[in-house]
Amino acid sequence: MMYFSLMAKAESLEEFYQHKFNQVPTGVLQDAEHFNVFRLEEALSCMTVPAQYTRRDFYKVTLMRGKNICHYADKSIEVEGSNLMFFSSHVPYTWESVSGDYTGYFCVFKEAFFTAQLRSNINELPMFRLGGKPSYPLTKTQDKQVTQIFQKMLNEVDSDYSFKHDLLRNYVTELIHFALKMKPSEKLYQHPDAKARITAVFMELLEQQFPIESPHQRFSLRSARDFAGKLAVHVNYLNRSVKGTTGKTTTDHIAERLTSEAIALLKHTRWNISEISYSLGFEDPAYFSHFMKKQTQQTPSSFRLL
């Protein structure tokens, strides 16, 4: 059985470049609308760190050939031949080659690359939506058409054309509409350790909400039902998976993470207890005080550093 480590936070573009190419292009940190495109086999030959099962803070569109297994959220997708695949920034994933002879292309971009262009939110598109199907199998003719689009991207990305980002956006949009006209792959199956995988995704979504960096930021996914809705699974299945994998209930994990964040905020910020209470999702400071006493046998004020 194959196991994947889940990173504590999403892989950034900087980390992506460091892992894939051992160097980060100048200006990536400052470029909110960053876009780049690569030949798959060239990128993999340069990779310095094995791909991890984790969420990324960017989007990826890939033309992948060969026989592969893509582990995406709580499912695995067995793909063979040519497939056009869309990876969201909200879902952890990785893939492994079965045949060892992979070729293709992929492009990466931040959400801001599309912000002013799409009429709807990119996360509402079927291929990027949580619970959506990211894989679209291609015929030989369709492979040729998609390849031509990626080759146009490669030709354009390093050009000095003033409006190249508009053109690149059009190419990505063309890939999206190309897929929307097709049916996604039905070759989805539960991973042999599906309960462990859905637990990992739950833990990742829980961790995504932290740290709380402003009194105006709110912890929003507070219950097992909230998480189940986000993951598009039944709440009973989520609860059984988490309990069976970790020995603790979903509610226990949420409460423990809330408690650790509350202690950190009480010790290391000057926010008053009402502000901390609100940011952690408690409507009334009295509820927050009751919660902390139940979890730690201490009042919130006892954690304040003098």
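Rules and cut-offs
- Residues numbered from 1 in each chain as written.
- Predicted model: local features only at pLDDT ≥ 70, side-chain atom pairs only at ≥ 80, totals over all residues.
- Heavy atoms only, no water.
- Helix = DSSP H or I, 4+ residues; strand = E, 2+ residues; numbered from the N terminus.
- Rg over C-alpha atoms; globule rule 2.2 N^0.38 Å.
- Buried < 20%, exposed > 50% of the residue type's maximum accessible area, 1.4 Å probe, protein only.
- Contact = heavy atoms within 4.5 Å.
- Lys, Arg positive; Asp, Glu negative; His and termini not counted.
- Charge placed at Lys NZ, Arg CZ, Asp CG, Glu CD.
- Core = buried A, V, L, I, M, F, W, Y, C linked by side-chain atoms within 4.5 Å.
- Salt bridge = Lys/Arg side-chain N within 4 Å of Asp/Glu carboxyl O.
- Expected span 1.5 Å × (residues − 1).
- Arc of directions from axis to C-beta.
- pLDDT = per-residue confidence, 0-100.
- Polar contact = N/O pair within 3.5 Å; in protein donor to acceptor, adjacent residues only side chain to side chain.
- Axes fitted to C-alpha atoms, helices over the stretch in contact; angles between N-to-C directions.
- Parallel < 35°, antiparallel > 145°, perpendicular 65-115°, else oblique.
- Nonpolar A, V, L, I, M, F, W, Y, C, P; charged D, E, K, R; others polar.

1. Some words on the overall build of the protein
Here is step 1 of the chain: Helices and strands together make up the secondary structure of the protein, namely 10 helices and seven strands.
Here is step 2 of the chain: For 306 residues, the compact-globule formula gives about 19 Å, and the C-alpha radius of gyration of the protein, at 22 Å, lands near that figure.
Here is step 3 of the chain: Out of the 306 residues belonging to the protein, those deemed buried represent 46%.
Here is step 4 of the chain: A separation of at least 24 residues holds for 73% of the contacts in the protein among residues at least 6 apart in sequence.
Here is step 5 of the chain: Each charge sign in the protein was given a centre, from 36 positive and 33 negative side chains, and these centres are 6 Å apart.

2. Description of the nonpolar core
Here is step 1 of the chain: If you look at the biggest cluster of nonpolar residues, it comprises 33 residues, and the most contacted ones within it are F202, F227, L231, L238, L280 and F288.
Here is step 2 of the chain: Broken down by secondary-structure element, the contributors of at least two residues to this core are α5 (194-208), α6 (224-231), α7 (235-246), α8 (250-268) and α10 (285-296).
Here is step 3 of the chain: Filtering out sequence-adjacent residues up to four positions away, L231 remains in contact with I198, V201, F202, L205 and L238.
Here is step 4 of the chain: Counting 32 residues, the second largest nonpolar core, distinct from the first, contains V37, Y59, F113 and V157.

3. Details of the pattern of salt bridges
Here is step 1 of the chain: With the rule as written, the count across this model stands at nine salt bridges.
Here is step 2 of the chain: Ionic pairing is found between E33 and R169, a salt bridge with its closest N-O pair at 3.6 Å. Here R169 lies in helix α4 (residues 164-180) and E33 lies in the loop between α1 (13-21) and β1 (35-39), a separation of 136 residues in the sequence.
Here is step 3 of the chain: The salt bridge involving R257 is made with E207; its shortest N-O contact spans 3.1 Å.

4. Side note on α7
Here is step 1 of the chain: When the terminal C-alpha atoms of α7 are compared, their 16 Å separation across 12 residues agrees well with the 16 Å that a helix rising 1.5 Å per residue should span.
Here is step 2 of the chain: Turning to α7, its buried residues are V235, L238, S241 and V242. Each buried residue of α7 sits inside an arc of 130° when the element is viewed along its axis, so together they form one side. Opposite the buried face of α7, at more than 90 degrees from it, the exposed residues are R240 and G244.
Here is step 3 of the chain: Those residues of α7 that are buried lie in contact with α5, α6 and α8.
Here is step 4 of the chain: Directly after α7, the chain includes G247, whose backbone phi takes a positive value near 85°.

5. Here we look at α4
Counting along an α-helix, one turn takes 3.6 residues, and residues three or four places apart therefore face a common direction.
Here is step 1 of the chain: End to end, α4 covers 24 Å across 17 residues, agreeing with the expected 24 Å (1.5 Å per residue, within 8%).
Here is step 2 of the chain: Within α4, the full set of buried residues consists of K164, L168, R169, Y171, V172, L175, I176, F178 and A179.
Here is step 3 of the chain: Where α4 is buried, its residues touch β1, β2 (59-72), β3 (75-87), β5 (104-109), β6 (135-138) and α3 (140-157).

6. Thoughts on the confidence of the model for the protein
Here is step 1 of the chain: When the pLDDT values of the protein are averaged, the result is 85; 90% of them are 70 or greater.
Here is step 2 of the chain: This model gives residues 1-8 a pLDDT under 50, and the stretch forms 24 contacts once residues within four places in sequence are excluded.

7. Remarks on the environment of N83
Here is step 1 of the chain: Summarising the element assignment, N83 is placed in strand β3.
Here is step 2 of the chain: A residue is classified by how much of its surface remains accessible, and N83, at 3% relative accessible area, is buried.
Here is step 3 of the chain: Each residue touching N83, except ones within four places of it in the same chain, is listed here: T62, L63, M64, S135, Y136, P137 and L138.
Here is step 4 of the chain: Only 3.1 Å separates the side chain of N83 from the side chain of S135, close enough to count as a polar contact.

8. Considerations on the environment of Y102
Here is step 1 of the chain: Relative to the helices and strands, Y102 is located in the loop between β4 (93-97) and β5.
Here is step 2 of the chain: Residue class for Y102 comes out partly exposed when judged on its relative accessible area of 28%.
Here is step 3 of the chain: For the pair Y102 and L40, spaced 62 residues apart in sequence, the C-alpha separation works out to 7.7 Å.
Here is step 4 of the chain: Look past the residues within four positions of Y102 in its chain and what remains in contact with it is L40, E41, L44, R65, W95 and S97.

9. Observations concerning the packing of α5 against α7
The geometry of a pair of packed helices is captured by two quantities: the angle between their axes and the separation between those axes.
Here is step 1 of the chain: In the contact formed by α5 and α7, the axes pass within 8 Å of each other and the chain directions differ by 100°. On the basis of the axis angle, α5 is roughly perpendicular to α7. Contacts from A194, K195, A196, I198, T199 and F202 of α5 reach α7 at Y237, L238, S241, V242, T245 and T246.
Here is step 2 of the chain: Within the contact of α5 with α7, the residues separate by chemical class into seven nonpolar, four polar and one charged.

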